[in-house]
Amino acid sequence: MKRLHLLSNAHLDPVWQWEWEEGAAAAVSTFRAAADFCEEYPGYVFNHNEVILYKWIEEYEPQLFARIQRLVREGKWHIMGGWYLQPDCNMPSGESFVRQILLGKSYFREKFGVEPGTAINFDSFGHTRGLVQIMQQAGYDSYIFMRPDEMEGLPQGDFVWCGFNGSQVMAHKIQGGYNTLMGQAAEKIKGWLSANQDARSGLILWGVGNHGGGPSRADLAAIGQLMEETEEFRIVHSTPEDYFREVAQSGPLPRYEGDLNPRFVGCYTSMIRIKQKHRQLENELYMTEKMLSAAVLQGLLSYPAEQMHEALCDLLTAQFHDILPGSSVQPAEEASLRLLEHGLEIAARLKARAFFALAAGQPRAALKEYPVLVYNPHPFAVKGVFECEFMLEDQNWKEEFSLPVVFRNGQRIPCQPEKELSNLNLDWRKRVVFEAELAPCSMNRFDCRIEMLESKPVPRLLECGGYYVFETADLRVVVNAQTGLIDEYAVRGVSFLHRNAFTPLAVPDNEDPWRMDTAAFPRESAAFTLMDQEEGSAFSGVKGLLPSVRVVEDGEVRTVIEAVFRYNHSYICQTYKLPKQGTELEVQLRVYWNEKDKMLKLSVPTVLEQGSYRGQTAFGISELDRSGHETVAQKWVALESPGQDLALSCINNGIYGSDCINGEIRLSLLRGAGYCAHPIHDRPIMVQDRFLPRMDQGERCYTFWINAGSCRERRERVDREAAVHNERPYALSFFPSGEGEPLAPFLLLEDEAVQLSAFKKKEQGSGCILRLFEPTGLPRSTVVRIPSMGISQPVSLNGFECKTFQIDAAAHALLEIPLCEG
């Protein structure tokens, strides 16, 4: 007989139009009512997911938690999904998705003895294709989702979703929503029966949702009557796994390859502070894991598992699909920022603990030398520019300048002084910038000596004919002194940008943080313009007059130029850092935003008009729209023109949205939208009778790294470059004791591209795991070396494949294990 599966649930956002305390209260009352119905109605099954909700029940009403455990054993309550919560499914890194599943499955296995086989994200605003490989490796064979609501080429109902590395899962797109109004479940079922008379099976989600509720007696009674009256279908209370078991036996399904995007494109940028703090905590947490693991395996400390778990829970909570996308109320935003800062504080303390442990064996400083230690957490050498501040042994009140000069192993290396963060106008605090190559996964030692000069060196790059022209053997950059913008960026003689590059744009927008009404932001915009000398000087906070484009630093390592811009009531200080070696251009923006119903974008007009637009996603690369629609990507985007064999990449430290058309990339920086407001019929989006605050007003800071070259070079290098800029080597001026044995590089990868996604303690039990990932899409091999443990093991990876290994110290080998470490 044909079967209609009813999936009773109660969609419950931990935060949205409410704060988490109200979400916890709703969870307790909803679960209590659901437990009553499970006990009262034979055959009824309640489905629910999300560790965070069960943890609240466990803490606030333990008797109810024990009832649920019993109901799960009896088959009356079904643990669904098995993730920590329903996160945003585009912006978290591949490693973060692994942790959502790992912590979720570990919790449900420990507390309930179950492991779901169907993943669910009913309410997330689009889904990266990278999820497929992660879910399959985590033991899932199926997935239920709802958004995007409409998408060209996407099969309706059931299909096979194909991911990277040949992965696939069965997928079901929810029709008619994931919930029902009170007392309306039977009507929803009748509607489905009428519209699907020829179907062999079906799935309907029901239960009052969005703020909990779930089943009701009225609904259960009406459904019971409908079960008795319906002859064509057998209507059953069911679970996701039961439904997909039937789907798997029904014959071949249509296949779909690609992301399930776009939907609610405003959410790629709304509440940018949340997004930046989220990225920062991702970076700091996974970097700290690497440092702690290296220290633990070298016998330098014990792993602080409980504290790291707490910080990881902070991160996973902040990835919730109404927190990270920026669609909640303002108090929820502030609470989420506190949560992220809590995780960052834990990570900062533990990173320092690991750093000091890993400094073991460093020799004592020589007289009149200031040691600078830099720990490289990456398993490959990192060449770049590094910065560190330190205090002179005494204040210098003379009219002279103490120049810090950096040495490595007794050899002077390129370095220069730059303005320190302190504003004490005294020769006392020093900031030194130096160029070096760091050894992999180890502490790198530098020593500063002081040379006395009559005065501080002044910049040597001068304006000439209205331009600042910066030129090295590999790089030419021209900054227009009349506009403050870059008119030329050329790498090894090839120009990659049109004039007026890096123009900040104020783009028309509205109050809706989701932008439910569009998939693209307007092309028309108003440009920020260079301030005149008087206005720019006043904005800069100086008493005299300064040119609005000026060189502020210039030395052996780099030249730094800043320009100040204005639009309406908003201001920007934009800084260009031009390297004396290499071709990477760093662009920083310090934005002071005071606009409503406007969006800030940064224009990068490239010469690659016909290039393909690509961006980093979870364990893969997304092929992004290049017709002007808003897109989502993670740490980098790139334009590639294979016919010209040219590519330009742009790495960021905390944005996700952008668009591209005719070779112009517009990076999305912030929006002046309202809090938790969207169109309802023909009503105003927000009430019009009072002051209402807008998001992202005030100061926001951004950094981008631009690089260009051949397609192959950019493809092979950009992912590691993005990792280095986000998980930055940790520099600190520290006078070591000289005790202990010197430590050699601990972990090395012997290739040019493979990434170390994770190096951490196992979630359960002892031992450490490594997770490797191939980031270019092409098969490649590497050798993993851990010299101190006698490990040297070849590893082969398909394009975009990730593999997880446990370090087997006794066997001097790596043992491949499942993604969830089972």
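Quick note: structure is the one above.
Structure report, in brief. (Residues numbered from 1 in each chain as written. Predicted model: local features only at pLDDT ≥ 70, side-chain atom pairs only at ≥ 80, totals over all residues. Heavy atoms only, no water.)

## Quick notes on the overall build of the chain
The line we're drawing: Helix and strand assignments follow DSSP, with helices taken as H or I runs no shorter than four residues and strands as E runs no shorter than two, numbered in order from the N terminus. Radius of gyration here uses only the C-alpha atoms, and the compact-globule reference equals 2.2 Å multiplied by the residue count raised to the power 0.38. Relative accessible area decides the class of each residue, using a 1.4 Å probe on protein chains only: under 20% of the type maximum gives buried, over 50% gives exposed, and in between gives partly exposed. We call two residues in contact whenever any of their non-hydrogen atoms come within 4.5 Å of each other. In summary, the charge assignment counts Lys and Arg as positive and Asp and Glu as negative, without counting His or the chain termini. To locate a charge, take NZ of a lysine, CZ of an arginine, CG of an aspartate or CD of a glutamate.
Per the secondary structure count, the chain includes 13 helices and 45 strands. Relative to the globule expectation of 28 Å for 822 residues, the C-alpha radius of gyration of the chain, 28 Å, shows essentially globular dimensions. Each principal axis of the C-alpha distribution contributes one length, and for the chain these read about 95 × 65 × 50 Å. Counting the 822 residues in the chain, one finds 61% classified as buried. Looking at the chain alone, contacts between residues at least 24 apart form 73% of all its contacts between residues at least 6 apart. In the chain, 83 side chains carry a positive charge and 109 a negative one; their mean positions are 2 Å apart.

## Some thoughts on helix 8 (residues 240-248)
In plain terms, the rule: Working note: the arc is built from the helix axis to C-beta atom directions.
Turning to helix 8, its buried residues number three or more, namely Pro240, Glu241, Tyr243, Phe244 and Val247. Burial along helix 8 is one-sided: seen end-on, the buried residues are contained in an arc of 155 degrees.

## Observations concerning the side chain of Ser93
By the secondary structure assignment, Ser93 is in the loop between strand 3 (77-79) and helix 4 (94-112). In this structure Ser93 comes out as buried when scored by relative accessible area, which is 9%. With near-sequence residues (within four places) excluded, Ser93 lies in contact with Glu282, Tyr286, Ala618, Gln634 and Lys635.

## Describing the packing of helix 3 (residues 62-73) against helix 4
A pair of packed helices is captured by two measures, namely the crossing angle of their axes and the spacing between those axes. To keep things clear, this is the line we draw: Comment: axis = line fitted to C-alpha atoms, over the contacting stretch for helices; angle = value between 0 and 180 degrees taken between N-to-C directions. When an angle is under 35 degrees it counts as roughly parallel; over 145 it counts as roughly antiparallel; between 65 and 115 it counts as roughly perpendicular; any other value is oblique. Following the grouping adopted for this structure description, the nonpolar residues are Ala, Val, Leu, Ile, Met, Phe, Trp, Tyr, Cys and Pro, the charged ones are Asp, Glu, Lys and Arg, and the polar ones are all others, Gly among them.
Two elements in contact, helix 3 and helix 4, have axes whose closest approach is 10 Å; the angle formed by their N-to-C orientations is 85 degrees. By the angle between their axes, helix 3 is roughly perpendicular relative to helix 4. Only Tyr107, Lys111 and Phe112 of helix 4 make contact with helix 3, whose side of the interface consists of Phe65, Ile68, Gln69 and Val72. Among the residues forming the contact of helix 3 with helix 4, the class breakdown is five nonpolar, one polar and one charged.

## Focus on the environment of Gly541
Secondary-structure assignment places Gly541 in the loop between helix 12 (533-540) and strand 25 (549-554). The spatial distance from the C-alpha of Gly541 to the C-alpha of Asp123 is 47 Å, given a sequence separation of 418 residues.

## Section: the pattern of salt bridges
To be explicit about the condition: Think of a salt bridge as a Lys or Arg side-chain nitrogen and an Asp or Glu carboxyl oxygen that are within 4 Å of each other.
In this structure the tally under the stated criterion is 67 salt bridges. One salt bridge connects Glu40 with Arg217, and the closest N-O pair in it is separated by 2.6 Å. Note that Glu40 is positioned in helix 1 (residues 20-40) and Arg217 in helix 7 (residues 217-229), a separation of 177 residues in sequence. With a relative accessible area of 45%, Arg217 lands in the partly exposed category. Measuring nitrogen to oxygen at the nearest pair gives 2.7 Å for the salt bridge that ties Lys277 to Glu341. With Lys277 in helix 9 (residues 272-297) and Glu341 in helix 11 (residues 330-358), this residue pair connects regions lying 64 residues apart in the sequence. On the basis of relative accessibility, which here comes to 23%, the residue Lys277 falls in the partly exposed class. When salt bridges that share partners are traced, they join Asp36, Glu39, Arg67, Arg70, Glu74 and Lys76 into one network.

## A look at the nonpolar core
Operational definition: By nonpolar core we mean a set of buried residues, namely Ala, Val, Leu, Ile, Met, Phe, Trp, Tyr and Cys, connected to one another through side-chain atoms within 4.5 Å.
By size, the foremost hydrophobic cluster in this structure holds 123 residues, and its most contacted members are Tyr54 and Trp77. Those residues in contact with Trp77, other than ones at most four positions away along the chain, are Phe31, Ala34, Ala35, Cys38, Phe46, Tyr54, Ile68, Leu71 and Val72.

## Topic: the sheet that holds strand 42 (residues 780-786)
Cut-off, in case you're wondering: Think of it this way: DSSP has to see at least two bridges between two strands before they count as a pair.
Reading across the sheet, the three strands line up as 39-42-43 and stay open at both edges, with antiparallel pairing between neighbours. The sheet is open, and its two borders are formed by strand 39 (748-749) and strand 43 (791-797), each paired with just one other strand.

## Points about the packing of helix 4 against helix 10 (residues 305-318)
Definition in use: By definition, turning the near helix anticlockwise from the far helix through less than a right angle yields a left-handed crossing, and turning it clockwise yields a right-handed one.
One way to put it is that helix 4 packs onto helix 10 with a least axis distance of 11 Å and a crossing angle of 110 degrees. Considering the angle they form, helix 4 stands roughly perpendicular to helix 10. As helix 4 runs across helix 10, the sense of the crossing is left-handed. On helix 10, the residues that touch Ser96, Arg99, Gln100 and Leu103 of helix 4 are His309, Leu312, Cys313, Leu315 and Leu316. Taken together, the residues of the contact of helix 4 with helix 10 break down into five nonpolar, three polar and one charged.

## Section: the packing of aromatic side chains
Any pair of aromatic rings gets described here by the distance separating the centres and the angle formed by the planes. We count it as follows: Here the aromatic set is Phe, Tyr and Trp, taking the six-membered ring for Trp, and pairing holds for ring centres within 6.5 Å; pairs whose planes are under 30 degrees apart are stacked, those over 60 apart are edge-to-face, and all others are tilted. Placement of a charge over a ring requires the Lys NZ or Arg CZ to be within 6 Å of the ring centre, with the centre-to-atom vector within 35 degrees of the ring normal.
Scanning the entire structure with this criterion turns up 36 aromatic pairs. Seen in terms of ring centroids, Phe502 and Tyr576 are 6.3 Å apart; in terms of plane orientation they differ by 55 degrees. Their pairing is tilted. Taken as a pair, Phe502 in the loop between strand 21 (494-495) and strand 22 (503-508) and Tyr576 in strand 27 (residues 570-579) lie far apart in primary sequence, 74 residues in all. Each member of the pair, Phe502 as well as Tyr576, is classed as buried. Taken together through their ring pairs, the aromatic side chains of Phe31, Phe46, Tyr54, Phe65, Trp77, Tyr107, Phe108 and Phe112 make up a single cluster. In this structure, Lys351 packs its charged tip against the face of Tyr730, placed 4.3 Å from the ring centre. One Lys or Arg, Arg449, reaches over the ring of Phe407 and ends 3.9 Å from the middle of that ring.

## Brief notes about unusual backbone geometry
Cis peptide bonds are those with omega within 30 degrees of zero, and the linkage from Arg147 to Pro148 qualifies with 10 degrees. Locating Pro148 in the fold gives a position in the loop between strand 5 (142-145) and strand 6 (158-162). Residues Asn261 and Pro262 are joined by a peptide bond in cis, for which omega reads 0 degrees. With respect to the secondary-structure elements, Pro262 resides in the loop between strand 10 (255-257) and helix 9.

## Examining the environment of Thr782
This is how the line gets drawn: N or O atoms within 3.5 Å of each other form a polar contact, as long as, within protein, one can give a hydrogen and the other can take it, and as long as residues adjacent in sequence are counted only when both atoms are side-chain atoms.
Take Thr782: it is sitting in strand 42. Of the residues examined, Thr782 reaches a relative accessible area of 3% and is grouped as buried. As for Thr782 and Phe159, which are separated by 623 residues in sequence, their C-alpha atoms are 35 Å apart. At a separation of 3.3 Å, a polar atom in the side chain of Thr782 contacts the main-chain amide nitrogen of Glu750. Engagement of the side chain of Thr782 in a polar contact is seen with the side chain of Asp751, the distance being 2.8 Å.

## Focus on the pairing of strand 34 (residues 646-652)
Remark: a regular strand shows side chains that alternate across the two faces of the sheet. Among the seven residues in strand 34, seven count as buried, and that is most of the element. Neither face of strand 34 is exposed, since Leu646, Leu648, Cys650 and Asn652 on one face and Ala647, Ser649 and Ile651 on the opposite face are all buried. Across six bridges, strand 33 (residues 636-641) lies against strand 34 in antiparallel orientation. Residue pairing for strand 34: Leu639 is matched across the bridge by Leu648. Here strand 33 hands over to strand 34 after four residues, with Asp645 in that stretch at a positive phi of 55 degrees. Pairing between strand 34 and strand 37 (residues 698-709): six bridges, direction antiparallel. Residue pairing for strand 37: Leu648 is matched across the bridge by Ala708.

## Side note on helix 1
The following threshold applies: By definition here, a helix of n residues has an expected span of 1.5 Å times n minus one.
Taking 1.5 Å of rise per residue, the 21 residues of helix 1 would be expected to cover 30 Å, and the 30 Å separating its terminal C-alpha atoms lies within 8% of that figure. All buried positions along helix 1 are accounted for by Gly23, Ala24, Ala26, Ala27, Val28, Thr30, Phe31, Ala34, Ala35, Phe37 and Cys38. Buried residues belonging to helix 1 abut strand 2 (46-48), helix 2 (51-60), helix 3, strand 3 and helix 7.

## Points about the sheet that holds strand 40 (residues 755-761)
Across a sheet, strands are paired by hydrogen bonds formed along the backbone, either parallel or antiparallel in direction. In space, the four strands of this open sheet follow the order 40-41-44-45, with antiparallel pairing throughout. Looking at which strands have only one partner, the edges of the open sheet turn out to be strand 40 and strand 45 (813-817). Taking each pair of neighbouring strands and ignoring which way they run, the sheet shows an average axis angle of 30 degrees. Bridge count for strand 41 (residues 768-773) against strand 44 (residues 802-808) is five bridges, and the pairing is antiparallel.

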